[in-house]
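Structural features, examined
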Amino acid sequence: MRPEGRGLTAAVALAALVSLGGCSAEYYWQSAAGQLDLIARAKPLDEVIASTGDARLKDRLELARALRAFATAELGLPDNGSYRRYADLGRPFVVWNVFAAPEFSLELREWCFPVAGCVNYRGYFREADAREEAARLAAQGYDVHVGGVPAYSTLGWFDDPLLSSFIRYPEVELARLMFHELAHQLVYAPGDTAFNESFATAVEEVGLARWIPSRPPAEAAKLAAERDRSDRLRATFRRLVAETRERLAQVYAEPADEATGRREKVRAFETMREAFAREQAGAPGLAGYDRFFAGEGGGGPNNASLASVGLYTGLLPSFRVLLASEGGDLPRFYARVRDLAALPKDQRNAALAATVEMRARSSAMDGRHRLLPHGACPAG
């Protein structure tokens, strides 16, 4: 299992390089160079499949090609050149994202870029560069987290290739990732990471729910079991994160001196690690999250790593409700999400919240009617 977290990097800013200069230039040049390197490495799938002697790689590339066709035909995801080429990176991740949060806050620092807008991380194609940036931010007093990213979307600016950083994932995880990243090309709200990532996560969920039953019965049963196991592990991890976020939010909201705040912060993270150890004793598969709990330099999780998890699922329940309100019709769902993405962020969040509230009221009313005897009318 891979840790939580994947997604966009600022490499999409390549097209805007000509308008930038000064102290930003070095960062944008590394983004441009990294993106150009990916393009140079990418080879057509037919060529790689025909030439490779690696049976596992060949199998995964053929699976990816089938998933790509399913994504367009059955999920309405973009039909373009993405994931029709393959690039061997020679490294475990394509980029490393740097997250930063103040010592007594779960609000991530934002960086703003052309095209991508403002995002809650800064991506680097070289791990050493990411570590250098993290050290600089830590020296300023921030909690920092560096997360390796197996894939990202260029939002349709380039044809994103399949990468060696994720191609050997188990079938379900490969499908999740491809559906997720293609969803970013469909709808993107600049400056709203939580909206974009939660939408893409909703698409990956419905993608799996429709792809797995399309497989032969024996294979579908195996894939469903793999997905359910993965979902249980994710749910456990997210619950631990949510509980700790809630506790820390209370600590940071209450007026207290810094010494007390630091003491309570340490206690909250200790409690989290202890809870993880208990859960892991009964679910060895949670070992996939060991790296998250080890934290930067073995220091354990911190505000930045905790907040980074919420980016991918914070609005997920709202998107699930929105999809259900459209009867599972993906074109109508996508149209609703596009309309939301066009709104200012505060209006977008209010509209999502209103959809959830209306759905809850509708469900409550349905339940009320089911409890009434035949022919009765609700009072009031």
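Structural notes on the side chain of Thr154
In this fold, Thr154 is placed in the loop between β7 (143-149) and β8 (162-163). By relative accessible area, which is 0% here, Thr154 ends up buried. One polar contact links Thr154 to Asp160, side chain to side chain, over a distance of 2.7 Å.

A short note on the environment of Gly191
Relative to the assigned elements, Gly191 resides in the loop between α5 (171-186) and α6 (193-211). For Gly191, a relative accessible area of 17% puts it in the buried group. Distance in space between the C-alpha atoms of Gly191 and Phe113 is 9.0 Å, their sequence separation being 78 residues.

A word on the packing of aromatic side chains
Evaluation of the coordinates by the stated rule reveals 18 aromatic pairs. Their ring planes at 40 degrees and their centres at 6.2 Å tell us that Phe70 and Phe179 sit as a pair that is tilted. In this pair, Phe70 sits in helix α3 (residues 55-75) while Phe179 sits in helix α5, placing the two residues 109 residues apart along the sequence. The same class applies to Phe70 and to Phe179, which are both buried. Joined through ring pairs, the aromatic side chains of Phe195, Phe199, Phe319, Phe333 and Tyr334 make up one cluster. Taking NZ or CZ as reference, Arg122 lies 4.0 Å from the ring centre of Tyr27, over its face. Positioned above the aromatic ring of Phe195 is the side chain of Arg348, whose terminal nitrogen or guanidinium carbon lies 5.2 Å from the ring centre.

Describing unusual backbone geometry
Outside of glycine, negative phi angles account for most residues, and trans bonds account for most peptide bonds. The residue Tyr83 is not glycine, and still its phi comes out positive at about 65 degrees. Positive phi, close to 60 degrees, is recorded for Leu155, a residue that is not glycine. Note on placement: Leu155 falls in the loop between β7 and β8. Since its relative accessible area comes to 15%, Leu155 is described here as buried.

Quick look at the sheet that holds strand β6 (residues 122-124)
If you walk across this open sheet you meet the three strands as β6-β3-β7, and the pairing is antiparallel. Unpaired on one side and paired on the other, β6 and β7 mark the two borders of the sheet. Adjacent strand axes in the sheet meet at a mean angle of 25 degrees, parallel and antiparallel pairs treated alike.

Calculation notes
Residues numbered from 1 in each chain as written. Predicted model: local features only at pLDDT ≥ 70, side-chain atom pairs only at ≥ 80, totals over all residues. Heavy atoms only, no water. Helix = DSSP H or I, 4+ residues; strand = E, 2+ residues; numbered from the N terminus. Buried < 20%, exposed > 50% of the residue type's maximum accessible area, 1.4 Å probe, protein only. Polar contact = N/O pair within 3.5 Å; in protein donor to acceptor, adjacent residues only side chain to side chain. Phe/Tyr/Trp six-rings, centres within 6.5 Å; stacked < 30°, edge-to-face > 60°. Lys NZ or Arg CZ within 6 Å of the ring centre and 35° of its normal. Pairing = 2+ DSSP bridges. Axes fitted to C-alpha atoms, helices over the stretch in contact; angles between N-to-C directions.

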